[in-house]
Amino acid sequence: MRYQPLPPDLYRRNRAKLNPLLPPGHALVLFSNAAYTDNADSTYRFSQNSNLLYLTGIDQEECILLLFPDCPKPELREVLFIRRTSPYLQLWEGWKYSPEEATAQSGIETIRFFDDFEGVVRQLVQLAEGFVLEFNEHERNAVFTPTPAHTFARRLREEFPAHGIRRAWPILAQLRMQKEPEEVAQLRRAIAITGETFAHLLQWVRPGVREYEVEAEILHGFVRRGATKEAFGSIVASGPNAVVLHYVLNHSALEAGHALLIDFGAEYGNYSADLTRVIPVGATFSPRQRAVYQAVYNVKAYAQSLLKPGVLLEEYTKSVGLYMQDQLLELGLLTQAEVNEAPQHQPAYKKYFPHGVSHHLGLDTHDVHLRHLPLAPGMVITVEPGIYIPEEGLGIRLEDDVLITETGMENLAADVPLALDAIEAARGQA
């Protein structure tokens, strides 16, 4: 593998946390992601179901996890189904897990082949009251994509309508919000790779380079340092492009006097980093760029000062928004009259700071979460305030990844330059 896999004990512990939360008499059936068609006979690069990774560490297609802790048949309480390999498959696609390797990675003793699952289903409908399935209920998943779980659920409703179907999402989301030490170690490595790549960019960026060339340097920097891939498509936005929150064209030439916003993150061992930095295309920022940058930096520092166990993200977001509002007043972007007249549901600061402050981070860049639960030790979130001024062609966003600790928080990206003087000092040496 291109990354150091986590030890099987982590996955045993994760399953041990999950099993007591399953409804009595119900079997959890969790499917790997499918290989989705791109065009013609091409498929998109395979990306594993994060929940299956969380419970097994198996990073391969055509896998199914069965957890049925109170099953009358012990041999069906914990089963991992994997793809059956063959000389033909090895010729065309190469290595696949053997049963012994699957046990070594996941800690699951009972390994069967994917094409055995059909026979097991017939046994399960005799033994289980119902099934627990996961359908990707992430609140930001706006485009429906049918999954193997949808297909299986439809079949259950048609053939076995007396069997109930329960949701795995709330259980798995709650568990995945708090990271184990091994998971935090993977995140640290992903963030370190991102930071090392940024150190190179500080020296490499220059006027005349095109945004897609910066994107290429990012990908090169990630892969050569052992990253699995980009955690998401890098945003490389210079000058006025930086006011587009999810700018992905990455086609403009960098101009002296512009600021360059880079939102990027390496993925290592399926765990995602997510950092944002802004650097001057020349050696220094302009006075206006410095003022806006410092305001965003102040807001970020304030936001981090609030983070500790027990904090609700909704209340925290409101507090940070009001602090941002004061910074916008000082910058002359808002007037007190605009603040006073703004409706409660759309405060004035939203004009220049339209997005949230933080999201959970882990196996997914926008990791699963339950919004009503307070922060707790082991959670990892981003802190990413920004100011976007279309009329000035200027966008500044600063983002780090932080770990919630017993007493507060730890900035996992503290070694990645962020302060104005540190950025300009590095640019001066380029």
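Remember, predicted model here, so these are calculated numbers, not experimental data.

All right, on to empty space enclosed by the protein then. Sizing a probe to match a water molecule and rolling it over the atoms shows the empty space that remains. Under the defined criterion, the tally for this structure stands at 1 cavity of 30 Å³ or more. Reported here for the largest cavity is a volume of approximately 80 Å³. Taken together, 13 residues make up the lining of the largest cavity; nearest its centre are Tyr11, Leu53, Gly57, Gly269 and Asn270. Class assignment of the residues belonging to the lining of the largest cavity gives a composition of 8 nonpolar, 5 polar and no charged.

Take the sheet that holds strand S13 (residues 380–383) next. Pairing is antiparallel across the open sheet formed by 3 strands, whose spatial order is S13-S16-S17. Sheet topology places S13 and strand S17 (409–411) at the edges, where each strand pairs with a single neighbour. Adjacent strand axes in the sheet meet at a mean angle of 35°, parallel and antiparallel pairs treated alike. Of the strand pairs in this sheet, strand S16 (residues 400–404) and S17 are connected by 3 bridges, and their pairing is antiparallel. Paired with Leu403 across the bridge in S17 is Glu410.

What follows is about helix H7 (residues 169–177). Of all 9 residues that make up H7, 7 are buried, and the element is covered over most of its length. Taken together, the buried positions of H7 are Trp169, Ile171, Leu172, Ala173, Leu175, Arg176 and Met177. Packing partners of the buried residues in H7 comprise helix H1 (8–18), helix H2 (50–56), strand S6 (164–167) and S13.

Once that is clear, we can look at the packing of aromatic side chains. All chains considered together, the criterion is met by 13 aromatic pairs. Residues Phe222 and Phe264 carry aromatic rings whose centres are separated by 6.1 Å and whose planes lie at 15° to one another, so their mutual orientation is stacked. One end of the pair, Phe222, is in helix H9 (residues 211–224); the other, Phe264, is in strand S9 (residues 259–264), with 42 residues separating them in the sequence. Considered together, Phe222 and Phe264 belong to a single accessibility category, that of buried residues.

This part covers unusual backbone geometry. Not every positive phi belongs to a glycine, and Asn136 is a case in point at roughly 55°. You can see Asn136 is positioned in the loop between strand S5 (130–133) and helix H6 (148–159). On the basis of relative accessible area, Asn136 is assigned to the partly exposed category, the value being 35%. Positive phi, normally seen in glycine, also occurs at Asn270, with a value near 80°. When you line up the elements, Asn270 lands in the loop between strand S10 (266–268) and strand S11 (271–272).

For the rest of this paragraph, the subject is helix H13 (residues 420–428). Residues of H13 that are buried: Leu420, Ile423, Glu424, Ala426 and Arg427. Take H13 and look down its axis: the buried residues cluster within an arc of 160°, on one side only. Of the exposed residues in H13, those oriented more than 90 degrees away from the buried face are Asp421 and Gly428. Those residues of H13 that are buried are in contact with helix H8 (181–204), strand S12 (275–280) and helix H10 (287–306).

A few words now on the layout of surface pockets. Considering only enclosed or pocket space, the second largest pocket measures out at about 700 Å³ in volume. Along the walls of the second largest pocket sit 29 residues, with Arg140, His246, His359, His366 and Glu384 positioned nearest its centre. The leading source of residues in the lining of the second largest pocket is helix H11 (residues 313–330), at 3 residues. Within the lining of the second largest pocket, the residues separate by chemical class into 8 nonpolar, 12 polar and 9 charged.

Turning our eyes to something else, we now look at the pattern of salt bridges. What the rule picks out here adds up to 30 salt bridges. Residues Glu182 and Arg13 are paired through a salt bridge, measuring 2.7 Å at the closest nitrogen-oxygen approach. Linking Glu182 in helix H8 with Arg13 in helix H1, this pair joins segments that are 169 residues apart in sequence. Judged by its relative accessible area of 18%, Glu182 falls in the buried class. On the accessibility criterion, Arg13 (25% relative accessible area) is partly exposed.

As a further point, take the nonpolar core. Grouped together as the largest cluster of nonpolar side chains are 112 residues, with contacts concentrated most on Leu18, Leu55, Val214, Tyr293, Tyr316 and Ile387. At 9 residues, the largest contribution of residues to this core is made by H8. Grouped together as the second largest cluster of nonpolar side chains are 24 residues, Phe31, Phe68, Leu124 and Phe131 included.

Right, let's talk about the side chain of Thr197 for a bit. One can find Thr197 in helix H8. The class of Thr197 is buried, set by a relative accessible area of 0%. Setting aside its immediate chain neighbours within four residues, Thr197 contacts Glu217, Ile218, Gly221, Phe222 and Arg225.

Right, let's get into the sheet that holds strand S3 (residues 78–82). Pairing is mixed in the open sheet, where 6 strands are placed in the order S4-S3-S2-S1-S5-S6. Only two strands of the sheet have a single partner each, and these edge strands are strand S4 (110–113) and S6. With direction set aside, neighbouring strand axes in the sheet form an average angle of 25°. For S5 and S6, the ladder comprises 4 bridges, and the chain directions are parallel. Paired with Phe131 across the two strands is Ile165, which belongs to S6.

Following the sequence through the fold, Ala173 ends up in helix H7. Put simply, Ala173 and Ala242 are 69 residues apart on the chain and 32 Å apart in space, counted from C-alpha to C-alpha. With sequence-adjacent residues up to four places away left out, Ala173 is seen in contact with Val368, His369 and Leu370.

Rules of the game
- Residues numbered from 1 in each chain as written.
- Predicted model: local features only at pLDDT ≥ 70, side-chain atom pairs only at ≥ 80, totals over all residues.
- Heavy atoms only, no water.
- 1 Å grid on protein atoms, 1.4 Å probe; cavity = no way out; pocket = protein on both sides within 12 Å on 5 of 7 lines; lining within 4 Å.
- Points joined across faces, edges and corners; volume = space filled by probe spheres on them.
- Nonpolar A, V, L, I, M, F, W, Y, C, P; charged D, E, K, R; others polar.
- Pairing = 2+ DSSP bridges.
- Helix = DSSP H or I, 4+ residues; strand = E, 2+ residues; numbered from the N terminus.
- Axes fitted to C-alpha atoms, helices over the stretch in contact; angles between N-to-C directions.
- Buried < 20%, exposed > 50% of the residue type's maximum accessible area, 1.4 Å probe, protein only.
- Contact = heavy atoms within 4.5 Å.
- Phe/Tyr/Trp six-rings, centres within 6.5 Å; stacked < 30°, edge-to-face > 60°.
- Arc of directions from axis to C-beta.
- Salt bridge = Lys/Arg side-chain N within 4 Å of Asp/Glu carboxyl O.
- Core = buried A, V, L, I, M, F, W, Y, C linked by side-chain atoms within 4.5 Å.

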